[in-house]
Amino acid sequence: MPETEQADEEQWVDVARFPSLDEAQENALVALAMGEAIRVDHGEVPGEFELRVEPAAAPRVSEELRGYAAEAEVKLPPPLVSTSWSHHPAGALHYLVWAAVLLFVFHQQSQDPTLADRYASSSIGLIAHGEWWRPFTALFLHGDGGHILGNLASGAVFGALVSKSIGPRNGWAMILLSGTLGNAITSAVTYPKPFVSLGASTAVFGALGILSGIGLVENFREELRMPWMRVLAPLLAGLVLLGWLGGAAPGAGVDVFGHVFGFSAGVLLGAACRYFDSTEAALMRRP
């Protein structure tokens, strides 16, 4: 190598090495933005690229590159703990059993009209007379054919989604529990006025609430810096569906209280179920 070229080479010092040309060129732009001259050369290791600058600029450029690397680091969200999420079956058998019970009870109602009087959810019956079974048994009674068909259809959709999320056994237990709690809360809120309701819709909206609660916990567990509207999106979506499907004009004969309280109970149950499911799985994975 001629002496002039050798002297020229000695005027440049290495400040960083990168495994790809793209990364080297990206970081070279940092030095250029500082107004410093910089070179991208092949490194001694094949496939490696070096950044070289003049000796006087080396300390400042090195410091700037370290700062750039720190700022460029993207904190990836921690992986969600595996909980067989969405790997559960849709619970077709559980749904069919539930549907068969609803149809059987509806047939019995046609044979014995007093069933609704004895087993519907009633604020007076529950609070004043201590008939504790009413919030649960009311979930299996219906007023007419259209009433039961609507609940069978919506129950198939929301029941399958809940089953896929937390398993059919837990899912349907939570659905019935949320419906029962919804009816019980409605009776407590409306008492001492006589309030009577029946139908599986309280449990169906409980299923919608369970899905919203699960999604809410999922977003919180992501630990991402995102707007609150995005964190609360599952809950807001559930509220929109609740208003769309569960609302009614005054005097329409729709148990809006039951829908709202069933949904609310479902949100709490779904959130708790997903939270403890993830926590338990995390503890099992610890060495």
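For the structure itself, look to the data block above.
Just so it is clear, the structure is predicted and the values come from calculations on it, not from any experiment.

Visitor: An account of the sheet that holds strand β2 (residues 38-42) is needed here, citing residue identities and associated values.
Guide: The three strands lie next to each other as β1-β3-β2, forming an open sheet whose pairing is antiparallel. Two strands in the sheet have a free side with no partner beyond their single neighbour: β1 (13-18) and β2. Put simply, the sheet's adjacent strands are angled 30 degrees from each other on average, direction ignored. Note that β2 and strand β3 (residues 49-53) share five bridges and pair antiparallel. Bridge pairing in β3 links V40 to L51. Sheet strands touched by helix α2 (residues 21-33): β1, β2 and β3. Its angle to β2, the strand with the most contacts, is close to 165 degrees.

Visitor: Report on the nonpolar core, specifying residues and quantitative values.
Guide: In terms of nonpolar packing, the biggest core is built from 30 residues, with W98, L102, L152, V162, I166, I175 and I210 touching the most fellow members. Looking at this core, the elements that each hand over two or more residues are α4 (92-111), α8 (145-166), α9 (168-190), α10 (201-221) and α13 (256-285). Residue contributions to this core peak at eight residues, all from α10. If we ignore the near neighbours within four places in the chain, the residues touching W98 are F140, N151, L152, G155, W172, L176 and A200. Grouped together as the second largest cluster of nonpolar side chains are 15 residues, A16, A28, V30 and V53 included.

Visitor: Give me empty space enclosed by the protein: which residues, what numbers.
Guide: Per the counting criterion, the structure on display carries one cavity of 30 Å³ or more. Approximately 30 Å³ is the volume found for the largest cavity. Forming the boundary of the largest cavity are W98, G155, F158, G159, W172, I175, A203, V204 and A207. For the lining of the largest cavity, the secondary structure elements donating two or more residues are α8, α9 and α10. Within the lining of the largest cavity, the residues separate by chemical class into seven nonpolar, two polar and no charged.

Visitor: Give a detailed account of the packing of aromatic side chains, specifying residues and quantitative values.
Guide: One pass over the full model with this rule turns up seven aromatic pairs. Judged by centre distance (5.8 Å) and plane angle (45 degrees), the ring pair of Y95 and W98 falls under tilted. One end of the pair, Y95, and the other, W98, are both in helix α4, three residues apart, so they sit about a helical turn from each other. Judged by centre distance (6.1 Å) and plane angle (15 degrees), the rings of F257 and F261 are stacked. In this pair, F257 and F261 both sit in helix α13, four residues apart, roughly one turn of the helix.

Definitions and limits used
- All residue numbers refer to positions counted from 1 along the written sequence of the respective chain.
- pLDDT decides what is reported in this predicted model: residues at 70 or higher carry local features, side-chain atom pairs at 80 or more are listed and counted, and totals for whole chains, interfaces and linings draw on all residues regardless.
- Hydrogens and water are ignored here; the side-chain numbers use all heavy atoms of the structure.
- Any two strands are treated as partners once DSSP identifies two or more bridges connecting them.
- Strands here mean DSSP runs of E at least two residues long; helices mean DSSP runs of H or I at least four residues long; both are numbered from the N terminus.
- Under this scheme, a helix contributes an axis fitted over its contacting stretch, all axes are lines through C-alpha atoms, and angles between N-to-C directions fall in the 0 to 180 degree range.
- Between two residues, a contact is recorded if the distance between any of their heavy atoms is within 4.5 Å.
- Nonpolar cores were defined as sets of buried Ala, Val, Leu, Ile, Met, Phe, Trp, Tyr and Cys residues, with membership established by side-chain atoms within 4.5 Å.
- Residue exposure (1.4 Å probe, protein chains only): buried if accessible area is under 20% of the type maximum, exposed if over 50%, otherwise partly exposed.
- Cavity and pocket criteria rest on a 1 Å grid covering protein atoms alone: a 1.4 Å probe that fits but cannot get out defines a cavity, protein on both sides within 12 Å along at least 5 of 7 lines defines an open pocket, and an atom within 4 Å of a point defines a lining residue.
- Grid points are joined across faces, edges and corners, and a volume is the space filled by probe spheres set on the points.
- Here the nonpolar group is Ala, Val, Leu, Ile, Met, Phe, Trp, Tyr, Cys and Pro; Asp, Glu, Lys and Arg are the charged ones; every other residue, Gly included, is treated as polar.
- In summary, the pairing rule links any two rings of Phe, Tyr or Trp, Trp by its six-membered ring, whose centres are within 6.5 Å, and it sorts them by plane angle into stacked for under 30 degrees, edge-to-face for over 60 and tilted for everything else.

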